[in-house]
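# Results of the structural survey
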Amino acid sequence: MQMDILRCKTPELVRKEVWTHILAYNLIRTIMAKAAVQHDIQPRTISFKGSLTNPKIFSSRSSTFRGIVVVLSACTSTGS
C-alpha cells in the first residue's frame, strides 16, 4: 500500500495521510473478514497482499467498496 514513505510536508497533512492509511488498511481487513465469514474460513488465512491484487475486492457493485470511496473522499477533501 506504499505506506513506508509519507509525501506530505506539513504536520497537519502528515497526520491526515497517516490516518488515511490506517483507515484504508482497516477497511481492506474488514472486506477480508467478510469474505472469510462468507466462505467459512479463518480471516488470518487470507493473504493481505493477495487481497489487494484481487479485482473482485474492488468491484464497483460492492457496497463495502462504495463505502470506502465515500470515506476516503471525505478524508482527502481540501475542506477538512
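Please refer to the structure placed before this passage.
Since the structure is predicted, the reported quantities are computational estimates derived from the model, not experimental observations.

Quick look at the overall build of the protein chain now. When helices and strands are tallied, the protein chain shows three helices and zero strands. A burial count over the protein chain gives 19% of its 80 residues as buried. Partitioning the contacts of the protein chain with sequence separation of at least 6, the portion at a separation of at least 24 is 39%. Roughly 6,200 Å² of accessible area belongs to the protein chain as shown, and the carbon and sulfur atoms make up 62% of that amount.

Quick look at the nonpolar core now. One finds Ile28, Met32, Ala36, Ile46 and Phe48 forming the largest nonpolar core, which totals five residues. Ranked by the residues each element gives to this core, the list is headed by helix 1 (residues 11–38), at three residues. Once residues within four sequence positions are removed from consideration, Ile46 is found in contact with Arg29, Met32, Ala36, Ile41 and Ser51.

Describing an aromatic ring pair means giving the distance of the ring centres and the angle of the ring planes. Inspection of the entire model under this criterion finds one aromatic pair. Between Tyr25 and Phe48 the ring centres are 5.0 Å apart and the planes differ by 35 degrees, which places this aromatic pair in the tilted class. Highlighted residues: Tyr25 in helix 1 and Phe48 in helix 2 (residues 48–53), separated in sequence by 23 residues. Among the residues examined, Tyr25 registers a relative accessible area of 31% and is labelled partly exposed. Using a relative accessible area of 17% as the deciding quantity, one classes Phe48 as buried.

As for its placement among the helices and strands, Arg44 is situated in the loop between helix 1 and helix 2. Spatially, the C-alpha atom of Arg44 lies 8.5 Å from that of Ala33, the residues being eleven residues apart in sequence.

A separate point is helix 1. Because an α-helix packs 3.6 residues into every turn, residues spaced three or four apart end up facing the same way. Taking 1.5 Å as the rise per residue, helix 1 with 28 residues should run 40 Å; its terminal C-alpha atoms sit 41 Å apart, in good agreement. Within the sequence span of helix 1, burial applies to Glu17, Thr20, His21, Ala24, Leu27, Ile28, Ile31, Met32 and Ala36. Taken from the residues just after helix 1, Asp40 is the one with a positive phi, measuring 55 degrees.

Conventions we followed
- Residues numbered from 1 in each chain as written.
- Predicted model: local features only at pLDDT ≥ 70, side-chain atom pairs only at ≥ 80, totals over all residues.
- Heavy atoms only, no water.
- Helix = DSSP H or I, 4+ residues; strand = E, 2+ residues; numbered from the N terminus.
- Buried < 20%, exposed > 50% of the residue type's maximum accessible area, 1.4 Å probe, protein only.
- Contact = heavy atoms within 4.5 Å.
- Areas by Shrake-Rupley, 256 points an atom, 1.4 Å probe, with all protein chains shown as cover.
- Core = buried A, V, L, I, M, F, W, Y, C linked by side-chain atoms within 4.5 Å.
- Phe/Tyr/Trp six-rings, centres within 6.5 Å; stacked < 30°, edge-to-face > 60°.
- Expected span 1.5 Å × (residues − 1).

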